[in-house]
Amino acid sequence: MKSLAENLKSLLVILVVVMLAGLSALRLMKIQVMGDKDITAPQVQNEDDYFSFAREVKSTRGEILDYNGNPLVTNDIHTDIVLQMAFFPEDKAKGNRELLGIYKELKALGYEFEESIPISKRAPYAFTTDDPSEIISDLNLNVYATAENCIDKLISDNEISDSYTQEEKRIIAGMRYQMIDKDFSYSNDLVLAKNVDNKTIIKMKELSNTYRGVEAVEASDRVIVRGDILPHEIGTVGPIYAEEYDELKYLGYSYNDTLGKNGIELAEEEILRGTFGEEKITVKDGWIVNRETLSETVSGQSVKLTVDGNYQLKLQGILDDFIASFPSINTNPSLGNVRCGAICVLDAKTGAVKGMATAPTYNLKDYSENYDYFTELPDSPLVNRCSYGLYRPGSTFKTITATAGLNEGFVLSGTPLFCNQSYEFHGTHYSCTGNHGSITTRRAIEVSCNSYFYELSKMMGIDMITKYATLYGLGQHTGIETGDAEGYLCNPETFAEHGQEWYIGYVIQAGIGNQDCGMTPLQMATVASTIGNRGIRYKPYLVDSFYEYGTKNEISKTQPIVAETIPLNDKSIYDFIIGGMIDASHNVPSAYSLSDLGFDVAIKTGTPQTGRNLTEQNSFFIGFAPADNPEIAFAGVIEGGEYSKYMIRDIILAYQECYGLNGKKAKKSKLPVEERPVLTTAVTTATTTTTTTTTTALTTETIIITEADEDNPYANPYKSTSAKADTVTTVTTAN
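Residues numbered from 1 in each chain as written. Predicted model: local features only at pLDDT ≥ 70, side-chain atom pairs only at ≥ 80, totals over all residues. Heavy atoms only, no water.

Visitor: Is there a simple way to explain the overall build of the protein in this structure?
Guide: Looking only at helices and strands, the protein has 22 helices and 28 strands in total. Relative to all contacts within the protein whose residues are 6 or more apart in sequence, the contacts with residues 24 or more apart total 73%. Put simply, the protein shows about 32600 Å² of open surface, and 50% of that area lies on carbon and sulfur atoms. (Helix = DSSP H or I, 4+ residues; strand = E, 2+ residues; numbered from the N terminus. Contact = heavy atoms within 4.5 Å. Areas by Shrake-Rupley, 256 points an atom, 1.4 Å probe, with all protein chains shown as cover.)

Take a look at the structure:
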């Protein structure tokens, strides 16, 4: 037999469990009724039947502007009809009558209450979502609960009378669930109708004596003014989801707030959101008798970008036009039509992004209005290929190999290496595109001699190549506000991380950018800028400055940041690298000439192979201008194509027109009228500006990702198609 002490101990444990269960139930009720604010009930009752409560006053979200101050995203101020908890009847029967009355009045005025309950409106009730776990949890039902069980629970918990018709019961149940789902509380109003007209405002105010707590309040919605300018980087706002709210509520967010979800809207969320104010409301006999401001509301700051909307539209047009016209200029029968590409342009003196074109693309308005449409489209238009498209850089990488070789003294500018169009390395036969004989650095860059860079790479080894690729910012995030892919370098460490064997023959292919590696056009534009600045690498950025909302008062301006300075053992090395790039710019057909612009242009091109078949290739370019004092740096890629360098002339001329270049001032002009594509189910073309869902395309050459996993963004970034070094294989890389 148990002792008395043991029995008392057991009884005490039972009492504690019961007490905790009671407290949990009380807490749940409080969350549903008052809102989860981790505070006591926000009302103070006194003898005179006054009570008061504090509530947030939302701030106006800042605008997003282009470089010339044109609004890209702004706010639409309008009036909503809401229900305020302070005046809503505690008696459930009265509350139910009021909810149904409000519903009918609004419907008569042309406004349907927008409910969030995921259950059909008519019996037999069924879930309208594949995952009803949230509503089942909200109602404290078991996991096997049906839609009928959920409606019955709402009717029972809220004492919805049988005197109502089945349709009326369902209406009230839906509104009662909305109170739970949207955290209806003293600080969170229940939105009954959005963006109502003056007639509705007047009518509902007249009914405020009948339906206590109904109020017309000023609200705002995010409005996309130009959906065709930088859609990937602008981003969107959206509702706060349950899993987000658990953390955001401690940062001052309510369940009804909106939140930046991606792009600039997310990156600058804190600044755009502003500071919510707080007011104290005192009520007597159901009427507000006093309002007291506890803290002022501060509007969000407006964000001005570094990108001129006109230039962005021109840049996108240059890319789209090239893709559309490719069949007419293509002389390579092994290449088909092209559909995808990217161009990234930077201010060479600061790192500011001046344009980002990606194809295919989309209109942000279409994306926000018709997201489901885009889930079936090909070619991943949702992906900004400038910052998340990963490519082999091909021969553009030779500029990095040349930097390492000259700076570390493996060769001098006049050191000749021999090219006879054939190169043997550990039993593998490689080829060059020409028979260049004895050749030095400048000439090797101009003609893109593979043999020269094979030999130089063999002399240096993979560790030296990796060192300089890292100094140029490759294999790491650039630091741009909206995020980007860090990419990956070609070295034994990368191969080991992905469970692949490393062969000695990969060293020389790494030196010409034609072995498994991944770089973004943004990274390669940064490489071009670094060469133009003779070893000084700037951090790219998209935000030019912040302004007081609705004014021209600048609050702060982004200052250029030097991310890296390459230690130079010989300051003259860039004379030969840049010289070779200038020489390469003269090898362009007259229609696309870079020789008559009034200044020198420095470029390097590449056509890296993308598969085992040597006809599978991309076309890459990097460059800057003017070559002796760079103002613009750029990089671009055409997937599965060639001749991408033909776009460079138009890129530079458009830049000169919009921003000014080489002493020529910019031409100020209004933004053209926005053109939105007609959405069809056809495959996207070069001129179709649409979007698609987030996908991951992993190939030997091109890796497209949409969200970078910080721990391991490229768990399996490529499948090697390169031949092993101990086999006899012919490998050719074009210029």
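Visitor: Please clarify how the packing of helix α2 (residues 92-108) against helix α5 (residues 166-181) should be interpreted in this entry.
Guide: Two measures define how a pair of helices packs: the angle their axes make with one another and the distance between the axes. It is at 10 Å that the axes of α2 and α5 come closest, and there the two elements cross at 105 degrees. As summarised for this structure, α2 and α5 are arranged roughly perpendicular, according to the angle between their axes. On the side of α2, the interface is formed by Lys92, Gly95, Asn96, Leu99, Leu100, Tyr103 and Lys104, while α5 contributes Glu168, Ile171, Ile172, Met175, Arg176 and Met179. Split into classes, the residues belonging to the contact of α2 with α5 amount to 7 nonpolar, 2 polar and 4 charged. (Axes fitted to C-alpha atoms, helices over the stretch in contact; angles between N-to-C directions. Parallel < 35°, antiparallel > 145°, perpendicular 65-115°, else oblique. Nonpolar A, V, L, I, M, F, W, Y, C, P; charged D, E, K, R; others polar.)

Visitor: Even after reading the chapter, I still don't get the pairing of strand β13 (residues 353-359), so can you show me in this structure?
Guide: Here is the key point about a regular strand: its side chains alternate between the two faces of the sheet. Most of β13 is tucked away, with 7 of its 7 residues classed as buried. Note that strand β12 (residues 341-347) and β13 share 6 bridges and pair antiparallel. Paired with Leu346 across the bridge in β13 is Val353. The turn linking β12 back onto β13 is made up of 5 residues, and Gly351 within it adopts a positive phi angle of 95 degrees. (Buried < 20%, exposed > 50% of the residue type's maximum accessible area, 1.4 Å probe, protein only. Pairing = 2+ DSSP bridges.)

Visitor: Just checking my understanding: could you explain the packing of aromatic side chains for this structure?
Guide: Pairs of aromatic rings are described using the distance from one ring centre to the other and the angle between the two planes. Applying the stated rule across the entire model yields 20 aromatic pairs. Between Phe322 and Phe326, the aromatic rings sit 6.0 Å apart at their centres with planes inclined by 55 degrees, giving tilted as the arrangement. Within this pair, Phe322 and its partner Phe326 are both found in helix α11 (residues 309-329), separated by 4 residues, close to a single helical turn. For Phe322, a relative accessible area of 6% gives the class buried. Ring plane angle 90 degrees and centroid distance 5.5 Å describe the contact between Tyr503 and Tyr506, whose orientation is recorded as edge-to-face. Residue Tyr503 is classed as buried on the basis of its relative accessible area of 15%. Owing to a relative accessible area of 4%, Tyr506 belongs among the buried residues under this scheme. A network of ring pairs unites the aromatic residues Phe322, Phe326, Tyr592, Tyr643 and Tyr646 as a single cluster. Sitting above the plane of the Tyr67 ring, Lys354 keeps its charged end 3.9 Å from the centroid. (Phe/Tyr/Trp six-rings, centres within 6.5 Å; stacked < 30°, edge-to-face > 60°. Lys NZ or Arg CZ within 6 Å of the ring centre and 35° of its normal.)

Visitor: What is the right way to read the pattern of salt bridges from this model?
Guide: Between side chains of opposite charge, pairing is possible as soon as their charged atoms come close. Summed over all chains, the structure comprises 30 salt bridges. Two residues, Lys169 and Asp162, come together in a salt bridge whose shortest N-O distance is 2.8 Å. Residue Lys169 is classed as buried on the basis of its relative accessible area of 17%. Assessed through its relative accessible area of 68%, Asp162 is described here as exposed. Glu408 is the partner of Lys467 in a salt bridge, and the nearest nitrogen-oxygen pair spans 3.2 Å. Remark: Glu408 occurs in the loop between α14 (398-407) and β15 (417-419) and Lys467 occurs in helix α17 (residues 462-471); sequence separation between them is 59 residues. (Salt bridge = Lys/Arg side-chain N within 4 Å of Asp/Glu carboxyl O.)

Visitor: Just checking my understanding: could you explain the packing of α14 against α17 for this structure?
Guide: One can describe the packing of α14 onto α17 by two numbers: an axis separation of 9 Å at closest approach and a directional angle of 110 degrees. Overall, the two elements α14 and α17 adopt an arrangement that is roughly perpendicular. In terms of crossing hand, the pair formed by α14 and α17 is right-handed. Residue-level contacts link Ile400, Thr403, Ala404 and Asn407 of α14 to Met464, Tyr468 and Ala469 of α17. The residue makeup of the contact of α14 with α17, split by class, is 5 nonpolar, 2 polar and no charged. (Left-handed = near helix turned anticlockwise from the far one by under 90°.)

Visitor: How do you make sense of α17 when you look at a structure like this?
Guide: An α-helical turn contains 3.6 residues, so any two residues separated by three or four positions project in the same direction. In terms of burial, α17 is a largely internal element, 7 of the 10 residues being buried. Taken together, the buried residues of α17 touch α14, α16 (450-460), α18 (492-497), α19 (506-510), β19 (536-538) and β22 (562-565).

Visitor: Looking at this model, I keep getting lost on unusual backbone geometry. Mind explaining?
Guide: Leaving glycine aside, a negative phi is the common case for residues, and trans is the common case for peptide bonds. Cis geometry marks the peptide bond from Ala123 to Pro124, where omega comes out at -5 degrees. Note that Pro124 resides in the loop between α2 and α3 (133-138). Residue Pro626 is reached from Ala625 by a cis peptide bond, and omega for that bond is -20 degrees. For Pro626, the position within the fold is in the loop between β24 (619-625) and β25 (632-638).

Visitor: Hey, could you run me through α11 in this one?
Guide: Between its first and last C-alpha atoms α11 spans 29 Å; for 21 residues at 1.5 Å apiece the expected length is 30 Å, and the two agree. Maximal helix bending in α11 amounts to about 35 degrees, located at Ile323; proline Pro327 follows within four positions. A side-chain oxygen of the first residue of α11 lies 3.1 Å from the backbone nitrogen of Asn310; this N-cap is Asp308. (Expected span 1.5 Å × (residues − 1). Bend = angle between axes of the 7 residues up to and from the residue. Polar contact = N/O pair within 3.5 Å; in protein donor to acceptor, adjacent residues only side chain to side chain.)

Visitor: Could you clarify how one ought to interpret the sheet that holds β12 in this entry?
Guide: The pairing of strands in a sheet happens through backbone hydrogen bonds and is either parallel or antiparallel. Taken together, 5 strands build an open sheet; the order of strands is β13-β12-β25-β24-β23 and the sheet is antiparallel. Each having just a single partner strand, β13 and β23 (602-606) make up the two edges of the open sheet. Direction aside, the axes of adjacent strands within the sheet are offset by 5 degrees on average. Contacts from helix α21 (residues 573-585) reach β23 and β24, with the element oriented near 75 degrees to β23. Across the sheet, helix α22 (residues 648-659) lies against β12, β13, β23, β24 and β25, angled at about 140 degrees from β25, the strand it touches most.

Visitor: Got a minute to help me understand the side chain of Thr482 in this structure?
Guide: Structurally, Thr482 can be placed in the loop between α17 and α18. A polar contact of 2.4 Å, which involves the side chain of Thr482, links it to the side chain of Glu233.

Visitor: Just checking my understanding: could you explain the nonpolar core for this structure?
Guide: Side chains of nonpolar character tend, in soluble globular proteins, to be buried together. Tyr311 and Ile651 are the most contacted members of the largest nonpolar core, which totals 131 residues. If one sorts the elements of this core by residue count, α11 sits on top with 8 residues. Non-local contacts of Tyr311, meaning those with residues more than four positions away in its chain, are made with Val345, Lys354, Gly355, Ile632, Ile651, Ala654, Tyr655, Cys658 and Tyr659. (Core = buried A, V, L, I, M, F, W, Y, C linked by side-chain atoms within 4.5 Å.)

Visitor: What's the story with the side chain of Glu674 in this structure? I'm lost.
Guide: As for its placement among the helices and strands, Glu674 is situated in the loop between α22 and β26 (697-698). In this structure the side chain of Glu674 is engaged in a polar contact, spanning 3.0 Å, whose partner is the backbone nitrogen of Gly227. Polar contacts involving the side chain of Glu674 include one to the side chain of Lys365, which spans 2.6 Å. Excluding anything up to four places from it in sequence, Glu674 contacts Val225, Arg226, Gly227, Asp228, Asn363 and Lys365.

Visitor: Can you walk me through the environment of Gly101 in this structure?
Guide: Relative to the elements of secondary structure, Gly101 occurs in helix α2. Judged by relative accessible area, Gly101 falls into the buried class, the value being 11%. Linking Gly101 and Tyr211, residues 110 residues apart in sequence, is a C-alpha distance of 8.0 Å.

Visitor: For this particular structure, what's the right way to read a negative patch on the surface?
Guide: A cluster of acidic residues, Asp130, Asp131, Glu134, Glu243, Asp246 and Glu247, forms a negative patch on the protein surface. No other element matches the 3 residues that helix α8 (residues 242-248) contributes to the negative patch. Position of Asp130 among the secondary structure elements: in the loop between α2 and α3. (Patch = residues over 30% accessible without salt bridge, like charges linked within 9 Å, V, L, I, M, F, W, Y side chains within 5 Å. Lys, Arg positive; Asp, Glu negative; His and termini not counted. Charge placed at Lys NZ, Arg CZ, Asp CG, Glu CD.)

Visitor: How should the pairing of strand β4 (residues 71-83) be read in this particular structure?
Guide: When strand β3 (residues 64-65) meets β4, the two strands line up antiparallel, connected through 2 bridges. Among the inter-strand pairings, Leu65 is bridged to a residue of β4, identified as Pro71. Pairing of β4 with strand β6 (residues 214-224) involves 11 bridges; the strand directions are antiparallel. When the bridges of β6 are listed, Asp80 appears paired with Val217. Pairing of β4 with strand β5 (residues 190-193) involves 3 bridges; the strand directions are antiparallel. Paired with Ile81 across the bridge in β5 is Ala193.

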